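Listed below, chain by chain, are the residues.
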Amino acid sequence: MKNQKLENLLNLALDTPPQERARSSELETGYLLEEQAWELIVRYSGSLDAVRAMGIRAVELRGGYAVMTVPEPLIEAVSALPQIEYVEMPKRLFFSAGRARASSCVNVLQEEPYFLSGKGVLVAVLDSGIDYYHEAFRTPEGDTRIAALWDQTLDRVFSRDEINEAVHSGSRETARSLVPSADGSGHGTAVAGIAAGSGRGGAGSAERGLAYESELLVVKLGHAGPRSFPRTTELMRGVDFAVSRAVERSRPLAVNISFGNTYGSHDGSSLLETFLDDIGSYGKTVIVTGSGNEGASGGHASGQAEPLQPGQPAGSRRSREIREELSVAPYESSFSVQLWKSYTDTFRVSLQTPSGELLGPIREELGPVRFSRGDTDILVYYGKPGPYSQAQEIYFDFVPEAGGYVETGIWTFVMQPERIVEGRYDLWLPSAGILNTATRFLRPSPDTTLTIPSTASGVITVGAYDSTYNSYADFSGRGFTRRTNQVKPDLAAPGVGLTAPAAGGGYRTVTGTSFAAPVVAGSAALMMQWGIADGNDPFLYGEKVKAYLHRGAKPLPGIREYPNPLVGYGALCLRDSLPLQA
């Protein structure tokens, strides 16, 4: 019997031989080879003294969550402790990378009599770091606007005074010797600039961000191994850091998250998502996420199985066998496919290889099953529902021989209904950012392509539109959420062809929901300035900000029904989102 306190994927990882696990794209996420231990997300109650007495490192987060580093032989013992409620593996995070102010009805609010600039509000950017030397993040006097910079890769927090010493040192080289934190990809610098850049170091106010006088809290998220993708554990610690700093200073806080992944039920039930929902209730906080860029990637397929008719034998041809075809491109390394369904429904599931061989049917009671075909091993695992979700996952891991590739061609998932009550099923590939563009489902669905954690109920989820043509950007992740049918995204913001600060100096053009999200995060900071800092509404944070944004959103041409899965309640219009006096 599997440990019911452990996430299904973690149970599978612990059941998989280390040499096979090392070849998997997912099963080693969170495993620390040097320590032979796992970094894990834990929900708990009470004290963690008993955990620490076992010699285990535990970083407590707000709301009864923790990140623990647990030697593999101790995982069972830790999960058996009465104060441990549930344990999940971390997941890898991927960038959601795609004329914001005018099209979002912001300019009028930055003039007399409102002068909204973000003053008195903290903006937190959790990303790839920041070019703190860039003039966009300095005051007119040349001082830094960064209140704190936590570089997780260095495990060090740099204070405002340390950053000021660096920016006044006279050169980038000298500054780097004092504060050795850099933004290697430039992604975080662009995100921070759109949310809160001053426009300095470029064309001035024409390239200014939204909350250009706010203070910044920056977290450079750590890396999860050779591919340099952060983990969800690092994101959770970063959010906890930002919220704690804002609460200590009694300041309103807008948090921007432009990372996401496709692993999960997409219904808001993962520990990362429930953590964001819970921590958003601390202080005066708004959390904004991008909806991801999976809308046109072909990485999602879904359908509806029909209930059997009275007297119809389960698994018969008349039960409408379901076939979902996946095209695997040449030179594709290890990847996984998740099949999610209601636990109430039962299917007989098989997998057909490109050569036509049928593997299965794979029945649930068989547990983990391994097949070897050519140079590709396939690991199949039936999960169980968890304490926060009724969904069931059937997990397929495609693992090539060492140094090889997954067999090219059409792989077909064959499902024969046995007992159908709800009927819906969904299949997801990993993020398109790590796959060949030709690896995709042949009958894809662009709906429910939101990345996680943008499916969390408490966050403001932002899709992208092209403000030049006033049209939805087809790469933008779409809603609604699976099973819970929440309206996501909440709204759309400009995310095509935006100008943003570049790491190393100057400005560049960027596109993606990564850059639509900070338009809304910066707008939320302006709203909280008007409400909290300027004294017009001391309770303008959390769900109230979301409600105001919903009400003020404007329609886009060609879209008649609102809310809808493409742009939620419409396109951002800050002017109409505040109850201003006429």
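Conventions and cut-offs
Residues numbered from 1 in each chain as written. Predicted model: local features only at pLDDT ≥ 70, side-chain atom pairs only at ≥ 80, totals over all residues. Heavy atoms only, no water. Pairing = 2+ DSSP bridges. Helix = DSSP H or I, 4+ residues; strand = E, 2+ residues; numbered from the N terminus. Disulfide = S-S within 2.5 Å. Buried < 20%, exposed > 50% of the residue type's maximum accessible area, 1.4 Å probe, protein only. Salt bridge = Lys/Arg side-chain N within 4 Å of Asp/Glu carboxyl O. Polar contact = N/O pair within 3.5 Å; in protein donor to acceptor, adjacent residues only side chain to side chain. Phe/Tyr/Trp six-rings, centres within 6.5 Å; stacked < 30°, edge-to-face > 60°. Lys NZ or Arg CZ within 6 Å of the ring centre and 35° of its normal. Core = buried A, V, L, I, M, F, W, Y, C linked by side-chain atoms within 4.5 Å. Contact = heavy atoms within 4.5 Å.

Peer 1: Can you tell me about the pairing of strand S28 (residues 498-501), naming the residues and giving the values?
Peer 2: Looking along a regular strand, one sees the side chains alternate between the two faces of the sheet. Bridging between S28 and strand S29 (residues 507-510) involves 4 bridges; their strand directions are antiparallel. In the sheet register, Ala 500 faces S29, and the bridge partner there is Arg 508. The hairpin turn running from S28 into S29, its antiparallel successor, is 5 residues long, and Gly 504 in that turn takes a positive phi close to 100°.

Peer 1: Go over the state of the cysteines, please, and point to the residues and values.
Peer 2: As enumerated under the stated definition, the model contains 1 disulfide in all. Here Cys 105 connects covalently by a disulfide to Cys 573, the sulfurs 2.2 Å from one another. Here Cys 105 and Cys 573 share a disulfide; its torsion about the S-S bond, -110°, makes the bridge left-handed. Here Cys 573 lies in the segment after helix H12 (543-552) and Cys 105 lies in the loop between helix H5 (100-103) and strand S7 (122-127), a separation of 468 residues in the sequence. This pair shows no difference in class: Cys 105 is buried, exactly as Cys 573 is.

Peer 1: Please set out the pattern of salt bridges residue by residue, giving values where relevant.
Peer 2: Enumeration according to the criterion identifies 31 salt bridges in this entry. Residues Arg 172 and Asp 131 are paired through a salt bridge, measuring 2.9 Å at the closest nitrogen-oxygen approach. Of this pair, Arg 172 sits in helix H7 (residues 172-178) while Asp 131 sits in the loop between S7 and strand S8 (146-151), and the two are 41 residues apart along the sequence. The class for Asp 131 is buried, based on a relative accessible area of 8%. Connected via shared salt-bridge partners are Arg 160, Glu 215, Arg 249 and Arg 251.

Peer 1: Any details on the environment of Asp 183? Residues and values, ideally.
Peer 2: Turning to its location among the elements, Asp 183 is positioned in the loop between H7 and helix H8 (187-196). When the C-alpha atoms of Asp 183 and Tyr 132 are compared, they prove to be 8.9 Å apart, with 51 residues separating the residues in sequence. Here the side chain of Asp 183 touches Ser 128 through a polar contact of 2.7 Å, side chain to side chain.

Peer 1: Give a description of the sheet that holds strand S17 (residues 346-352) that names residues and reports values.
Peer 2: Pairing is antiparallel across the open sheet formed by 5 strands, whose spatial order is S18-S17-S22-S15-S24. The sheet terminates laterally at strand S18 (358-362) and strand S24 (440-441), the two strands that pair on one side only. Direction of pairing for S17 relative to strand S22 (residues 409-419): antiparallel, over a ladder of 7 bridges. Looking at the pairing, Phe 347 lines up with Pro 417 of S22.

Peer 1: Could you give me a rundown of the pairing of strand S5 (residues 84-88), with the residues and numbers involved?
Peer 2: Among the 5 residues in S5, 4 count as buried, and that is most of the element. Pairing of strand S2 (residues 37-44) with S5 involves 4 bridges; the strand directions are antiparallel. Directly across from Arg 43, in S5, lies its bridge partner Tyr 86.

Peer 1: So what about the packing of aromatic side chains? Which residues, and what values?
Peer 2: Centre-to-centre distance and the angle between the planes together describe a pair of aromatic rings. Taken as a whole and assessed by the stated rule, the structure comprises 9 aromatic pairs. Plain terms: the ring middles of Tyr 86 and Tyr 388 are 6.0 Å apart, the flat faces sit at 80° to each other, and that makes the pair edge-to-face. Relative accessible area serves as the criterion here: at 8%, Tyr 86 is assigned to the buried category. Ring geometry for Trp 150 versus Phe 241: centroids 5.2 Å apart, planes at 50°, classification tilted. Of the two residues, Trp 150 sits in strand S8 while Phe 241 sits in helix H9 (residues 232-249), which places them 91 residues apart along the sequence. The exposure classification of Trp 150 matches that of Phe 241, with both residues buried. Grouped by ring-pair contacts, the aromatic residues Phe 335, Phe 398 and Trp 411 constitute a single cluster. The side chain of Arg 21 reaches across the aromatic face of Tyr 31, ending 4.8 Å from its centre.

Peer 1: Please set out the nonpolar core residue by residue, giving values where relevant.
Peer 2: One broad trend across soluble globular proteins is that nonpolar side chains are buried collectively. Within the largest apolar cluster, 62 residues are counted, with the highest numbers of intra-cluster contacts made by Ile 130, Tyr 132, Leu 216, Ile 460 and Val 545. Broken down by element, the residue count for this core peaks at 13 residues, all from helix H11 (residues 513-533). When residues no more than four places from it in sequence are discounted, the contact partners of Val 545 are Val 286, Ile 460, Ala 524, Met 527, Met 528 and Leu 540. Listed in part, the 34 residues of the second largest apolar core include Leu 221, Leu 235, Ala 246 and Val 459.

Peer 1: With reference to specific residues and values, describe H12.
Peer 2: Every buried residue of H12 is listed here: Val 545, Lys 546, Leu 549, His 550 and Gly 552. Where H12 is buried, its residues meet strand S13 (285-290), strand S25 (460-466), strand S27 (491-494) and H11.

No statement about biological role is implied by the geometric values presented.
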